[in-house]
Amino acid sequence: EAQVTQNPRYLITVTGKKLTVTCSQNMNHEYMSWYRQDPGLGLRQIYYSMNVEVTDKGDVPEGYKVSRKEKRNFPLILESPSPNQTSLYFCASTDRGGWEQYFGPGTRLTVT
Amino acid sequence: KNEVEQSPQNLTAQEGEFITINCSYSVGISALHWLQQHPGGGIVSLFMLSSGKKKHGRLIATINIQEKHSSLHITASHPRDSAVYICVLSPPLTGNQFYFGTGTSLTVIP
């Protein structure tokens, strides 16, 4: 079954404690991306990756890092989380032409 | 920046009504997606369009490339259609930035 998995699904943490949200896809898609969703603002792109070792900033990259060492995985790293990063995060993977788009189930992050 | 505009932002309908959600955009695209997000949060891709019209069950999506406009129609609406519907633009193959509408929140009342 084609899918994008994210872990953890829910996370409560404290300011400054480094965390990683994992994302994995089984469709051999080249394009992967991370979004955050906040009330009234819709989905905003954080980072995206066109292929292994190729990443670029989206609209709201500040405070986040990503890596793409393998095609299937695209982890999102918060080196020093702050309360304004409390949000719902989605990972997505897309085929080269942008035809198929799959979203992970979301990770609800709370930073206190 | 407002590369993609959706309307209406909120919509309440009675069960059985015909519903239309609109998406207008201002950039070149290779495709346009309609996404559905239920209150639980999960996002599902409903349609991908590059031209014309697609139908899946009670859902119909159309796109007019010349007018840069797409519509999502729901026939015989049902309470389970209550969700947020999001229009997403796929960039041309040489580009790499997806553009998201802010979504239309639909509530269908029994």
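This text goes with the structure placed above it.
Residues numbered from 1 in each chain as written. Chains lettered and ligands numbered in written order. Predicted model: local features only at pLDDT ≥ 70, side-chain atom pairs only at ≥ 80, totals over all residues. Heavy atoms only, no water.

Caption draft 1: Fine view of the overall build of chain A. On a plain count of helices and strands, chain A comes out with zero helices and eleven strands. Moving toward the C terminus, one meets the helices and strands of chain A in the order β-β-β-β-β-β-β-β-β-β-β. Taking 2.2 N^0.38 as the reference for a compact globule, 112 residues should give roughly 13 Å; the C-alpha atoms of chain A span a radius of gyration of 13 Å, in line with that estimate. By principal-axis analysis of the C-alpha atoms, chain A measures approximately 40 × 25 × 25 Å. Within the span of chain A, comprising 112 residues, buried residues form 52% of the whole. Across chain A, contacts joining residues at least 24 apart in sequence account for 52% of those joining residues at least 6 apart. (Helix = DSSP H or I, 4+ residues; strand = E, 2+ residues; numbered from the N terminus. Rg over C-alpha atoms; globule rule 2.2 N^0.38 Å. Buried < 20%, exposed > 50% of the residue type's maximum accessible area, 1.4 Å probe, protein only. Contact = heavy atoms within 4.5 Å.)

Caption draft 2: Examining the pattern of salt bridges more closely. A complete count under the given rule lists five salt bridges over all chains for this structure. Across the salt bridge formed by D38 of chain A and R44 of chain A, the nearest N and O atoms sit 2.8 Å from each other. D38 of chain A sits in the buried class, given a relative accessible area of 11%. Across the pair R58 of chain B and D81 of chain B runs a salt bridge whose closest N-O atoms are separated by 2.8 Å. Here the residue R58 of chain B occupies a position in the loop between β6 (52–56) and β7 (59–64), and D81 of chain B occupies one in the loop between β8 (69–74) and β9 (83–90), the gap between them amounting to 23 residues. (Salt bridge = Lys/Arg side-chain N within 4 Å of Asp/Glu carboxyl O.)

Caption draft 3: A look at the sheet that holds strand β3 (residues 19–25) of chain A. All names here are of chain A. Across the sheet, which stays open at both edges, the four strands sit in the order β1-β3-β8-β7 with antiparallel pairing between neighbours. For this open sheet the edge positions go to β1 (4–7) and β7 (65–66), each flanked by a neighbour on one side alone. Where β3 lies against strand β8 (residues 76–78), three bridges are found, and the strand directions are antiparallel. Residue pairing across strands places V21 opposite L76, the latter belonging to β8. (Pairing = 2+ DSSP bridges.)

Caption draft 4: Molecular detail of the side chain of R36 of chain A. Residue and element names in this part refer to chain A. Within the element layout of this structure, R36 appears in strand β4 (residues 31–38). A polar atom in the side chain of R36 sits 2.9 Å from the side chain of Y64. Within the structure, R36 has its side chain in polar contact with the backbone oxygen of N84 (distance 2.9 Å). When near neighbours in sequence (up to four residues on either side) are disregarded, R36 contacts G42, L43, R44, I46, V60, Y64, N84, Q85, T86, S87, L88 and Y89. (Polar contact = N/O pair within 3.5 Å; in protein donor to acceptor, adjacent residues only side chain to side chain.)

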